[in-house]
Amino acid sequence: MIKKKMSKFINSFKVGDVLTLLFFIALVTLLFIKLINLPEGEYLEIETNNESIIFNLEHDIQKKFSGPLGLTEIIIHNKRARFKESPCNKKYCVHHGWINKINETVVCIPNEIRISIIGKNKPYDSTNY
Amino acid sequence: MTQQTIKPTHDDHRIAKLAAVAIILSMIEFFFPSPIPGVKPGIANIITLYALISFNFYTAFWVSIIRIFISSILLGSFLSPTFFLSFIGGISSLLILFLLKNFYGKFFGVISLSLWASFAHIIGQFILVRLWIVPDDGIYTLLPFFLLSGLIFGVVNGFITFLLLKQKK
């Protein structure tokens, strides 16, 4: 029953329908491929409630940053970065794991710390000034 | 005796009936849990498409606008960001439907109108979100997922509209 209606529906397709369908399938596929192949970043920006520091991902570091709740530990290893330890309750930031692609961001809202990966030239926005 | 100064025309009655159905579909959709936040099938748009194809753009326009206003008032989201998102989505789809309506039947069928409207809906919402609600480039990560859902539900809604139009004949 439904199969018959489906085939009737497909038979009613016009040239533009096929083109539209193909165009949108291609567009979605392309966007997904682009999403998977995002370029890897060069720097890590760590933003705490009163300062913003940029580290090069080339060098491994393991540092503690203070927030309203206590000390959060952030590590850089093998050109990737992650929250190692956090004093917050739910630990979403720690469970997020590693990040290494441009614009990837992890935020720990309770402890007010944000880390994000940035590329070679950081595009300026209004918060830079 | 009170005099009726505004006489509702036959068109007005038809718009009211179609808008009522669209509002009910919006309500049903609202009470269904969505697996991914923000992804909704948009079944109310079936009525907009149906109105456009079986009547005219004027009917489709008013059905869509009335549906957006009334369902947001009923759900308590009137003038909240949710309302503006659905409003901008509705306006974007109507705009693309207005541009494409003359090609219907010659070059495009139901499914194309449905797909273009659903994509315009998503793109319009993304522009508004980028400009106003979340002014950060990070939201583009979500774009492929929303467009994929737009593709799936665009085809499904197109199919349902096709069945509705067939039934009418």
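Quick caveat, the model's predicted, so the values are computed rather than measured.

I'd love a proper account of the overall build of chain A, names of residues and values included.
A tally of regular secondary structure across chain A gives three helices and seven strands. Mapped from its N terminus to its C terminus, chain A presents α and β elements in the order α-α-β-β-β-β-β-α-β-β. Expected size for 129 residues packed as a compact globule is a radius of gyration near 14 Å; at 22 Å, chain A overshoots this value by more than 25%. Evaluated residue by residue, chain A yields a buried proportion of 32% over its 129 residues.

Give a description of the nonpolar core that names residues and reports values.
If you look at the biggest cluster of nonpolar residues, it comprises 40 residues, and the most contacted ones within it are B:Leu113, B:Leu115 and B:Phe119. Secondary-structure elements contributing two or more residues to this core are α2 (15-36) of chain A together with α1 (10-31), α2 (45-54), α3 (57-75), α4 (81-100), α5 (110-133) and α6 (143-168) of chain B. If one sorts the elements of this core by residue count, α5(B) sits on top with nine residues. If sequence neighbours within four positions are ignored, B:Leu113 has contacts with B:Leu49, B:Leu52, B:Ile53, B:Leu97, B:Leu100 and B:Tyr104. The next biggest cluster of nonpolar side chains, apart from the first, holds 19 residues, and it includes A:Leu44, A:Ile61, A:Ile99 and A:Ile115.

Which residues make up the packing of helix α1 (residues 2-11) of chain A against α6(B), and what values do they have?
Running from N to C, α1(A) and α6(B) cross one another at 100 degrees; their axes reach a closest spacing of 11 Å. One way to sum up the angle between α1(A) and α6(B) is to call them roughly perpendicular. Two secondary-structure elements touch here, α1(A) through A:Ile2, A:Lys5, A:Met6, A:Lys8 and A:Phe9 and α6(B) through B:Val155, B:Gly158, B:Phe159, B:Phe162, B:Leu163 and B:Lys166. Here the contact of α1(A) with α6(B) is built from residues that sort into seven nonpolar, one polar and three charged.

How would you summarise α3(B) if you had to cite specific residues and measurements?
Residues and elements named next belong to chain B. Here α3 spans 27 Å end to end across 19 residues, near enough to the 27 Å set by a 1.5 Å rise per residue. The complete set of buried residues in α3 reads Phe57, Thr59, Ala60, Val63, Ser64, Ile65, Arg67, Ile68, Ser71 and Ser72. Tucked inside the fold, the buried residues of α3 contact α1, α2 and α4. Looking one or two residues beyond α3, the residue adopting positive phi is Gly76, at roughly 80 degrees.

Go over the layout of surface pockets, please, and point to the residues and values.
Residue and element names in this part refer to chain B. Approximately 1200 Å³ is the volume attributed to the largest pocket. Lining the largest pocket are 47 residues, with Gly38, Lys40, Ser86, His121 and Gln125 positioned closest to its centre. Classifying every residue of the lining of the largest pocket by side-chain character gives 22 nonpolar, 22 polar and three charged.

Tell me about the sheet that holds strand β3 (residues 61-66) of chain A, residues and numbers included.
All names here are of chain A. The strand order across the open sheet built from three strands is β3-β4-β5, with neighbouring strands paired in antiparallel fashion. The outermost strands of the open sheet, each flanked by one partner alone, are β3 and β5 (80-85). Across the sheet, the axes of successive neighbouring strands diverge by a mean angle of 25 degrees, strand direction being ignored. Examined bridge by bridge, β3 and strand β4 (residues 71-77) share six bridges and lie antiparallel to one another. Within β4, the residue paired with Gln62 across the bridge is Ile75.

Could you give an account of the packing of aromatic side chains, with specific residues and numbers?
Residue and element names in this part refer to chain B. Counted by the stated rule, this structure contains 24 aromatic pairs over all chains. Relative to Phe83, the ring of Phe69 lies with its centre 5.2 Å away and its plane at 65 degrees, an arrangement referred to as edge-to-face. Pair noted here: Phe69 is in helix α3 and Phe83 is in helix α4, with a separation of 14 residues, a long-range link. Look at Phe69 and you get partly exposed, because its relative accessible area is 29%.

Please give an account of the state of the cysteines that cites residues and values.
In a disulfide, the sulfur atoms of two cysteines are held together by a covalent bond. Residues and elements named next belong to chain A. A full pass over the atoms with the stated rule returns zero disulfides over all chains. No disulfide involves Cys88; its nearest neighbouring cysteine sulfur is the one of Cys108, lying 3.6 Å away. Residue classification places Cys88 among the buried positions, given a relative accessible area of 4%.

Conventions used here
Residues numbered from 1 in each chain as written. Chains lettered and ligands numbered in written order. Predicted model: local features only at pLDDT ≥ 70, side-chain atom pairs only at ≥ 80, totals over all residues. Heavy atoms only, no water. Helix = DSSP H or I, 4+ residues; strand = E, 2+ residues; numbered from the N terminus. Rg over C-alpha atoms; globule rule 2.2 N^0.38 Å. Buried < 20%, exposed > 50% of the residue type's maximum accessible area, 1.4 Å probe, protein only. Core = buried A, V, L, I, M, F, W, Y, C linked by side-chain atoms within 4.5 Å. Contact = heavy atoms within 4.5 Å. Axes fitted to C-alpha atoms, helices over the stretch in contact; angles between N-to-C directions. Parallel < 35°, antiparallel > 145°, perpendicular 65-115°, else oblique. Nonpolar A, V, L, I, M, F, W, Y, C, P; charged D, E, K, R; others polar. Expected span 1.5 Å × (residues − 1). 1 Å grid on protein atoms, 1.4 Å probe; cavity = no way out; pocket = protein on both sides within 12 Å on 5 of 7 lines; lining within 4 Å. Points joined across faces, edges and corners; volume = space filled by probe spheres on them. Pairing = 2+ DSSP bridges. Phe/Tyr/Trp six-rings, centres within 6.5 Å; stacked < 30°, edge-to-face > 60°. Disulfide = S-S within 2.5 Å.

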